[in-house]
2 protein chains.
Amino acid sequence: MTKIPHRLYLTEDQMPKQWYNLRADMKDLPDPMLNPATFKPVTEEDLYPVFCRELAHQELDNETRYVDIPEEVQDFYKMYRPSPLIRAYNLEKALDTPAKIYYKYEGNNTSGSHKLNSAIAQAYYAKKQGLTSLTTETGAGQWGTALAEACSYYHLPLTVYMVKCSYEQKPFRKAIIQTFDGEIIPSPSSTTNAGRAILEKDPNTSGSLGCAISEAVEKAVTTEGCRYVLGSVLNQVLLHQSVIGLESKMAMEMLDEYPDIVIGCAGGGSNLGGLIAPFMQDKLTGKSNPRIVAVEPASCPSLTRGRYAYDFCDTGRVTPLARMYTLGCGFIPSASHAGGLRYHGMSPILSKLYHDGYMEAVSVEQTRVFEAAVFFAKQETILPAPESSHAIRAAIDEALKCRESGEARTILFGLTGTGYFDMNAYSSYLNGTMTDFIPTDEDLEKAFAELPKIPGIQ
Amino acid sequence: MTKIPHRLYLTEDQMPKQWYNLRADMKDLPDPMLNPATFKPVTEEDLYPVFCRELAHQELDNETRYVDIPEEVQDFYKMYRPSPLIRAYNLEKALDTPAKIYYKYEGNNTSGSHKLNSAIAQAYYAKKQGLTSLTTETGAGQWGTALAEACSYYHLPLTVYMVKCSYEQKPFRKAIIQTFDGEIIPSPSSTTNAGRAILEKDPNTSGSLGCAISEAVEKAVTTEGCRYVLGSVLNQVLLHQSVIGLESKMAMEMLDEYPDIVIGCAGGGSNLGGLIAPFMQDKLTGKSNPRIVAVEPASCPSLTRGRYAYDFCDTGRVTPLARMYTLGCGFIPSASHAGGLRYHGMSPILSKLYHDGYMEAVSVEQTRVFEAAVFFAKQETILPAPESSHAIRAAIDEALKCRESGEARTILFGLTGTGYFDMNAYSSYLNGTMTDFIPTDEDLEKAFAELPKIPGIQ
């Protein structure tokens, strides 16, 4: 019997040298992204004005199973990776559960989250192509911080459009992004046509990721040498984030363990898609059959209550169309929703897998999420981000089911990051002013009515 | 030649099972703590009303070289330790220095600093003795957070007196301490006689660690089943923090490395004393002779400009007297000083070693400290705490000297924690409003004039 330590770190030699592309093992691929002008599948060339070439290639490459991680990116990874696989002994004890709970902790870097895994790759390819600046959006701020860090490393100027309500809830995100020389603009702003149009319609909007994407894309395509980068949803992001799952699987193998249940929080799908990648591979190839559970906020429930349909990736309706579970690109989550996980859609890869029955999804209210976060912090000496705490909530619920049934299941969840920039939300939970928001069916029907009409398709 | 990874983690089996007590190897011991009423050396029993018994014993035990770490404490350590020893490859490259720079990173836990190493030990001994509550003070908030975390783990109610200006600069410290069920009171407060007396003298005082200690001690000695715990200065704290140095030395040995220079930031001395412990042992026993450098703020320069004299450990003059480098227990650093390292005195052990020539000390202005912090963050993907950044500043300065001289020295410094709660200070540095404050000789002479008179001694 292998002795299982609290924390297992792979050595540098054991770190993955290739990312894993889940699409190469999917018999049924996600439907292709469509050009919004022609409704034809987009080509790599179509994407060049928005993405740098290598990333456009990765976005559409459904074939290559393993993609070499550039050595420069591997070197950067070594500054904060491998991340630990942690056995939650104390949490198990506190829950009095026979379940074995493991989590992969991605918070050990300045950005405080897994987002750096893709940020450094995207900045690297942009630099290699000779681009001179980048734009992006950020919701809760983790992605913006990670990309600012990556861009600072490569001396690439960066403009970050941050969802306005997060910008206001999290004053210190501005300071940390500025520490890494990033320019940060609350979105919607008057600096773009898209932003001005959204503001004209609703001057008091709290913003959404969809709005911020519109602005960032517009800035990129109208600025010489500039491209847009995105921290979630895209196939390329899931590819880079596969490093989380690959490390997790190898570490569990070293412990003679394999998860019965893999749980990840899901906004656009960057962490979930990365964490589950090699386990989903096992499922797709018939090697094993773990349960895979996406956890999303009840206030922004794209998988559990959205439509599987073609939609724009942004609110301003300038991006290509992707078939995904979506609440409609005009959907803006309540300002009472804390943290990230506020995107209207879900990664097309994950949407397809969910649609085809390879994955489950649950939604949870934020007060239950923060209850789990505080409980976890007290047991495990890590202050979890609100996003990550969705996965904690579901992991605790599964462990409690094991207590009822007496089954010693092995649970693996992704702890994507830390909550140091979310203390306002913690405060509102602790002082009892936090509220839950669940959109009504009428709210959703209204948003669905705005889904794009595509001749012959929807 | 050993291949040196970016990060070296010891395994759980390699973690220290004993703390190291530096006093056991000092030929000349620090002068004894004195009872302020009798001017006689304090006994263990004298300390029982303030400290729990085991800690009172550790405080006065100059003999026992190695002290067993209780198994329960070892188990808690395993949740966040061993901490990594990191080779700062990127920093070296950015500085174009032949120096090899290593740092021991203690920020990987909720409290965001090394303070948890002693907090959990102190809470453990208190619980074991059957105490029912604890009090403490905190400056920048790291210690208060760590102790709240430890007390929550042992279900011990905790009251934290937090230096008022830090309380106001860092609103989110309150939230995180409350997450761990700690009660937090800005100091000086009207809840104690000591606080009321200080407020009467100066109603607008920004507070000091010395004031907060007075209040916490008063609350402890006037509450049944309650004791006081302190996160720095004390011998017991240096004992617990020796885990930092022991891990560092073992990890360096595994790499066939030994530091030419060991650098630590110094406020009360908790991190410095812990980091240097086994290296100072080598020095005291003639095994080797590394340079050991304490780095303190120019705004609170106890080693570089203080007097080596008996002084109170608190502003309210209720604690025992300790012989240490001190600015006078009435000294209150300027409110413009960000972060911790604001204590008027220095650990008696470190004071003695410095007095006897075993250690160097430098002081640095905070704008130079933040310059180093931002530079470091961009190279190493860690956002350092202001306190830790004092050590970074000195390490960079030493590495730049190596660039001049061409010498490939091996530098080890302590990176005590993260700066996520210090974004106001980062902002003020980034927007150019941060100022430096250096007390005048007249300021200091005035504070020295208040040093206690002790018949036959001073």
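Located above this text is the structure these notes cover.
Note that the structure is predicted; figures quoted are calculated from it, not measured.

A look at the pattern of salt bridges
All chains considered together, the criterion is met by 43 salt bridges over all chains. K401 of chain A is the partner of E398 of chain A in a salt bridge, and the nearest nitrogen-oxygen pair spans 3.2 Å. With E398 of chain A and K401 of chain A both in helix α16 (residues 386-405), this residue pair falls three residues apart, about one helical turn. Classification of E398 of chain A as buried rests on a relative accessible area of 8%. Linking R368 of chain B and D397 of chain B is a salt bridge whose minimum nitrogen-to-oxygen distance equals 3.2 Å. Of this pair, R368 of chain B sits in helix α15 (residues 366-380) while D397 of chain B sits in helix α16 (residues 386-405), and the two are 29 residues apart along the sequence. A single network of salt bridges, built from pairs that share partners, joins R81, K104, E106 and E247 of chain A.

With respect to the interface of chain B and chain A
The interface of chain B with chain A comprises 43 residues on the first partner and 43 residues on the second. Approximately 4100 Å² of surface area, both sides summed, lies buried where chain B meets chain A, with 58% of it carried by carbon and sulfur atoms. On the surface where chain B and chain A come into contact, there are two salt bridges. The partner of D181 of chain B in a salt bridge is K378 of chain A, with the nearest N and O atoms 2.6 Å apart. Summed over the shared surface of chain B and chain A, the number is 18 residue pairs in polar contact (both at pLDDT 80 or more). Those elements that provide at least two residues to the side of chain B that touches chain A are α3 (71-80), α6 (142-153), α8 (171-179), α15 and α17 (423-430) of chain B. Grouping the amino acids of the side of chain B that touches chain A by side-chain chemistry returns 20 nonpolar, 13 polar and 10 charged.

A closer look at the sheet that holds strand β5 (residues 100-105) of chain A
Note on sheets: strands pair through backbone hydrogen bonds, and any given pair is parallel or antiparallel. Residues and elements named next belong to chain A. Within the open sheet, the seven strands sit side by side as β1-β4-β5-β15-β10-β11-β14. Their pairing is mixed. Only two strands of the sheet have a single partner each, and these edge strands are β1 (7-8) and β14 (360-364). Bridge count for strand β10 (residues 261-265) against strand β11 (residues 291-297) is five bridges, and the pairing is parallel. Paired with V262 across the strands is I292, a residue of β11.

Conventions we followed
Residue numbers restart at each chain and count upward from 1, following the sequence in its written direction. Labels follow written order: the first chain is A, the first ligand is 1, and so on. Restriction of local features to residues with pLDDT of at least 70 applies here, the model being predicted, together with a cutoff of 80 or more for giving and counting side-chain atom pairs; totals for whole chains, interfaces and linings are based on all residues. Side-chain numbers here rest on the full set of heavy atoms in the structure, without hydrogens or water. Salt bridges, as used here, are contacts in which a Lys or Arg side-chain nitrogen is within 4 Å of a carboxyl oxygen on Asp or Glu. Runs of E in the DSSP output that reach at least two residues are strands. Runs of H or I that reach at least four are helices, and both are numbered from the N terminus. Relative accessible area decides the class of each residue, using a 1.4 Å probe on protein chains only: under 20% of the type maximum gives buried, over 50% gives exposed, and in between gives partly exposed. Any two residues whose heavy atoms approach within 4.5 Å are treated as being in contact. Buried area, as used here, totals the accessible surface that two parts lose on assembly, with accessibility defined by a 1.4 Å probe and the loss added over both. We call two N or O atoms a polar contact when they sit within 3.5 Å, provided that within protein one can donate a hydrogen and the other can accept it, with sequence-adjacent residues counted only if both atoms are side-chain atoms. Charged residues are taken to be Asp, Glu, Lys and Arg, nonpolar residues to be Ala, Val, Leu, Ile, Met, Phe, Trp, Tyr, Cys and Pro, and polar residues to be all remaining types, Gly included. Two strands pair if DSSP finds at least two bridges between them.

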